[in-house]
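Structural features, examined
Next come the chains, spelled out residue by residue.
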Amino acid sequence: MSAPTSVLYDLPGPRALRRNRLIGVLGVLAVLGVLGLLLQRMAAAGQLTAARWTPFLYTDIQNALLDGLLATLRVAVIGGALALVLGVVLAAGQLSDHRVLRWPSVAVVQLLRGLPLLLLIFALFLGSGGAISVFWSLVLGLVLYNGSVLAEVFRAGVLAVPSGQWEAASALGLRKTATMRFVLVPQAVRSMLPVIVAQLVVLLKDSALGFIVGYAELLRQGRIIGATYFNVIPSLIVVAAIYIAINLLLGWLATRLERRSRRVPGQRATERAEEDVASSATGG
Amino acid sequence: MDAVLDNLGLFADGLAGTLTLFAWSAVGSTVLGTLLAVMRVAPSSAVRAFATTYVLGVRNTPLTVVFAFVVFGGPILGLAVGGDVELQYRVFAVIALTLYTSCFVCEALRGGIATVPVGQAEAARSLGLTFGQSLRHVVLPQAGRTVVPPLGSVLIAMAKNTSIAAAFGNRELISAMRTGIENRGDAVVAVLVATAIAYLLVTLGLSLVFSLVERKVAIAR
């Protein structure tokens, strides 16, 4: 198992094994009790009958969900791309040697990170008097918020590169821009890749705020289906399952990328294999 | 500026709503998060699997969807406190925020326990301390210190997330802002700035509190 277990427990002896088995049985009973109560309540409310679930087999319903999913993904992809750009710009500003650039960047990042995303979206929409559409208010809100979070990630990544790298670059006569471009940023991006992908997952999840401001995304479609076929809970379960599936996929991709990025060019295949074995052993 | 001063009572009411939501959800998610963390290191694999599945599932679900589950699905399942509609929505919001945030609290706590070197617990056991004693005197005091910063950022994020409750029948800062804009359509920017300042007071105040706690419990290792 994972690390905490090994800190907390010794190898169990016969008495501990008996006790563990008892805890296990009681725990399973408690979990089954909670799940059973939930299912019983759903059955009592008629949310488990076939009539509440068959609508998801209709092509119309599937198309509506697909439309919602595409709307969500459109926001997330455009928002994610722009947030990465804003993150790079703000991080460069924060790391700048010029106070004129550094101070405003630091101020903007700290300000945006301290505000709820919903407030930013409302501010864009209401503050512009509706000149910015709901779609772009949502996208730009996501960009401003996640861009400033990503700026902090990039900055931390650059600062975390060992100082010997920077010293070696200046010893070779590279200027600051070249040091950044060829030495610091490539290493920073490599080490920060999992955090960057995790932030993109956050961005995708936050796009569900579109439901609140009236953008027809996945949750909105789910609600419409739920209201039409009186299957409120099944349709929410389907929507949640879609979100979970996409996010798990992104998470899996992040792990793959991380493992891949740890490969050093020219490293021997055997070392690489050993590393993979080691990381899969500790990755539980 | 007078648009804000005229609506000062409205904003004070909104701030009180946000802080109430925060306080109850902070308590709730700390309790449930600790329970989940305990379940994730439990000696039974079925209990561990349940906690892991819960955390994985809820963490990857948008908070708005969790809110929708509780607020729209709750009444269907007979979840009700009866009487006051406003109280009903507040309880729903606290439940949704607790269900969601407890996953992140659980992860922060687990990360904290993982930073305690295995040798510490081994030394405690070889001194003859029981499981409870080694947990209370050796593991938890060390884990608690490393947990403060991540727990702080989880709770600050939750303070900002209380804004979503506005869309589900709660009176708090965002709903106050929308009422304020409806009252004074000519002073939208002033109302927006006032709301932003109120939120900054909350988030910056919280981060100050957590950095004080962090300094208080810090020790040289």
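Residues numbered from 1 in each chain as written. Chains lettered and ligands numbered in written order. Predicted model: local features only at pLDDT ≥ 70, side-chain atom pairs only at ≥ 80, totals over all residues. Heavy atoms only, no water.

Before going further, it helps to examine the packing of helix 4 (residues 63-76) of chain B against helix 5 (residues 85-114) of chain B. Residue and element names in this part refer to chain B. Packing of helix 4 against helix 5 leaves a shortest axis separation of 9 Å and a crossing angle of 135°. Here helix 4 lies oblique to helix 5, going by the angle between them. Our pair here, helix 4 against helix 5, has a crossing hand that is right-handed. Where helix 4 abuts helix 5, its residues Leu 63, Val 66, Phe 67, Val 70, Val 71 and Pro 75 lie against Tyr 89, Phe 92, Ala 93, Ile 95, Ala 96, Leu 97, Leu 99 and Tyr 100. A per-class count over the contact of helix 4 with helix 5 returns 14 nonpolar, no polar and no charged. (Axes fitted to C-alpha atoms, helices over the stretch in contact; angles between N-to-C directions. Helix = DSSP H or I, 4+ residues; strand = E, 2+ residues; numbered from the N terminus. Parallel < 35°, antiparallel > 145°, perpendicular 65-115°, else oblique. Left-handed = near helix turned anticlockwise from the far one by under 90°. Contact = heavy atoms within 4.5 Å. Nonpolar A, V, L, I, M, F, W, Y, C, P; charged D, E, K, R; others polar.)

Now for the UniProt feature "domain: ABC transmembrane type-1" (unreviewed entry) in chain A. Per the UniProt annotation, the sites labelled "domain: ABC transmembrane type-1" (unreviewed entry) are residues 69-254 of chain A. Helix makes up 85% of residues 69-254 of chain A and strand 0%. Its end C-alpha atoms lie 21 Å apart. (UniProt positions renumbered as here; feature names shortened; annotations may be inferred.)

Moving on, we get to the interface of chain B and chain A. Of the residues lining the interface, 54 residues belong to chain B; the matching set on chain A comes to 51 residues. Carbon and sulfur atoms make up 77% of the surface buried where chain B meets chain A, a total of about 4,400 Å² over both sides. Between chain B and chain A we count 7 residue pairs in polar contact (both at pLDDT 80 or more) in total. If you list the elements that add at least two residues to the side of chain B that touches chain A, you get helix 2 (8-40), helix 3 (45-59), helix 4, helix 5, helix 6 (118-126), helix 7 (131-161), helix 8 (173-183) and helix 9 (188-217) of chain B. Here the residues of the side of chain B that touches chain A are counted per class, giving 37 nonpolar, 10 polar and 7 charged. (Buried area = accessible area lost by both parts, 1.4 Å probe. Polar contact = N/O pair within 3.5 Å; in protein donor to acceptor, adjacent residues only side chain to side chain.)

Inspection of every chain in the model, using the stated rule, returns 7 aromatic pairs over all chains. Geometrically, the ring pair formed by A:Tyr58 and A:Tyr229 is edge-to-face, given 6.1 Å between the ring centres and 65° between the ring planes. Placement of the pair is A:Tyr58 in the loop between helix 3 (50-53) and helix 4 (59-94) and A:Tyr229 in helix 11 (residues 218-229), with a sequence separation of 171 residues. Here A:Tyr229 falls in the partly exposed class, since its relative accessible area comes to 28%. A ring pair is formed by A:Phe135 and A:Trp136, whose centres lie 5.2 Å apart and whose planes are at 85°; its orientation type is edge-to-face. Of the residues examined, A:Trp136 reaches a relative accessible area of 37% and is grouped as partly exposed. The structure contains a cluster of three or more aromatic residues connected by ring pairs, namely A:Phe211, B:Phe67, B:Phe72 and B:Phe168. Lying across the ring of B:Phe72, A:Arg223 places its NZ or CZ 3.4 Å from the centre. (Phe/Tyr/Trp six-rings, centres within 6.5 Å; stacked < 30°, edge-to-face > 60°. Buried < 20%, exposed > 50% of the residue type's maximum accessible area, 1.4 Å probe, protein only. Lys NZ or Arg CZ within 6 Å of the ring centre and 35° of its normal.)

Within the structure shown, the criterion is met by 7 salt bridges over all chains. Of the charged contacts, one joins A:Asp97 and A:Lys176 as a salt bridge, the two residues approaching to 3.5 Å between their closest N and O atoms. Taken together, the residues span a long stretch of sequence, with A:Asp97 in the loop between helix 4 and helix 5 (99-113) and A:Lys176 in helix 9 (residues 176-206) at a distance of 79 residues. The class for A:Lys176 is partly exposed, based on a relative accessible area of 38%. We note a salt bridge from B:Glu107 to B:Arg59, for which the minimum N-O separation is 3.2 Å. Residue B:Glu107 is found in helix 5, and its partner B:Arg59 is found in helix 3; the two are separated by 48 residues along the sequence. Since its relative accessible area comes to 25%, B:Arg59 is described here as partly exposed. (Salt bridge = Lys/Arg side-chain N within 4 Å of Asp/Glu carboxyl O.)

Quick look at the side chain of B:Gln88 now. In this structure, B:Gln88 sits in helix 5. Judged by relative accessible area, which is 15%, B:Gln88 ranks as buried.

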